[in-house]
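Summary of structural features
As a plain string of letters, each chain reads:
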Amino acid sequence: MNYIISNKQVFEQAQLRPVSDVSFSEEELQNGMKLAVSKVDETLSLYLVDVDGQKKFDVRWDDSSELFNGWYSAWDNFSWCLNIVNSQK
């Protein structure tokens, strides 16, 4: 595995069912909840964020960020980025 899971409970929930019931701390409301991060490049991470009351997935890498409504789209993008990071190693 070329990533570290930061929040196992929510990471697993996202794969099986909606995450609309996930509660955020005040800090997580501001910055998002980190779900996974690359072992090779710590700037590549997958977050769960609240955007106007809706939970979305945010793939962040360096200074870029891309929002996704669904888990599978976000995970595909995160995995694609992981492959690039690992091939540059």
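Details of the structure are given in the entry above.
So, here is what we can say about the structure in this document. For clarity, every value in this text was computed on a predicted model and none was experimentally measured.

Focus: the nonpolar core
By size, the foremost hydrophobic cluster in this structure holds 24 residues, and its most contacted members are Leu46, Leu48, Phe57 and Phe78. Listing elements by their share of this core, those giving two or more residues are helix 1 (8-16), strand 2 (33-38), strand 3 (45-51), strand 4 (54-61) and helix 3 (71-88). Tallying contributions element by element places helix 3 first for this core, with 7 residues. Residues in contact with Leu46, not counting those within four places in the same chain, are Met33, Lys34, Leu35, Ala36, Phe57, Asp58, Val59, Trp71, Ala74, Trp75 and Phe78.

Here we look at the packing of aromatic side chains
For the coordinates displayed, the defined rule picks out 8 aromatic pairs. Here the aromatic rings of Phe57 and Trp71 are separated by 5.5 Å at their centres, their planes lie at 75 degrees, and the arrangement is edge-to-face. Placement of Phe57 in strand 4 and of Trp71 in helix 3 is noted, with a sequence separation of 14 residues between them. Trp71 matches Phe57 in its accessibility class, with the two residues each being buried.

Details of helix 1
Along helix 1, the residues that are buried comprise Val10, Phe11, Gln13 and Ala14. Looking straight down helix 1, one finds its buried side chains confined to an arc of 165 degrees; they lie on one side. Of the exposed residues in helix 1, those oriented more than 90 degrees away from the buried face are Lys8, Gln9 and Leu16. Looking at the packing, one finds that the buried side of helix 1 touches strand 1 (3-5), strand 2, strand 3, strand 4 and helix 3.

So, the pairing of strand 4
When you tally the buried positions in strand 4, you get 6 out of 8 residues, the bulk of the element. With 7 bridges connecting them, strand 3 and strand 4 associate as antiparallel partners. Counted as the bridge partner of Leu48 is Phe57 from strand 4. Between strand 3 and the antiparallel strand that follows it, strand 4, lie 2 residues; Asp52 among them carries a positive phi value of about 50 degrees. Taken together, the 5 bridges between strand 4 and strand 5 (residues 64-68) define a ladder with antiparallel strand orientation. The residue bridging Arg60 from the neighbouring strand is Ser65, located in strand 5. Count of turn residues in the strand 4/strand 5 antiparallel hairpin: 2 residues, of which Asp62 carries a positive phi of about 55 degrees.

Considerations on the environment of Val37
Turning to its location among the elements, Val37 is positioned in strand 2. Put simply, Val37 and Phe68 are 31 residues apart on the chain and 17 Å apart in space, counted from C-alpha to C-alpha. Beyond its immediate sequence surroundings of up to four residues, Val37 is in contact with Tyr3, Ile4, Ser6, Glu42, Leu44, Ser45 and Phe78.

Procedures and definitions
Residues numbered from 1 in each chain as written. Predicted model: local features only at pLDDT ≥ 70, side-chain atom pairs only at ≥ 80, totals over all residues. Heavy atoms only, no water. Core = buried A, V, L, I, M, F, W, Y, C linked by side-chain atoms within 4.5 Å. Buried < 20%, exposed > 50% of the residue type's maximum accessible area, 1.4 Å probe, protein only. Helix = DSSP H or I, 4+ residues; strand = E, 2+ residues; numbered from the N terminus. Contact = heavy atoms within 4.5 Å. Phe/Tyr/Trp six-rings, centres within 6.5 Å; stacked < 30°, edge-to-face > 60°. Arc of directions from axis to C-beta. Pairing = 2+ DSSP bridges.

Honestly, it's all geometry; don't read function into it.
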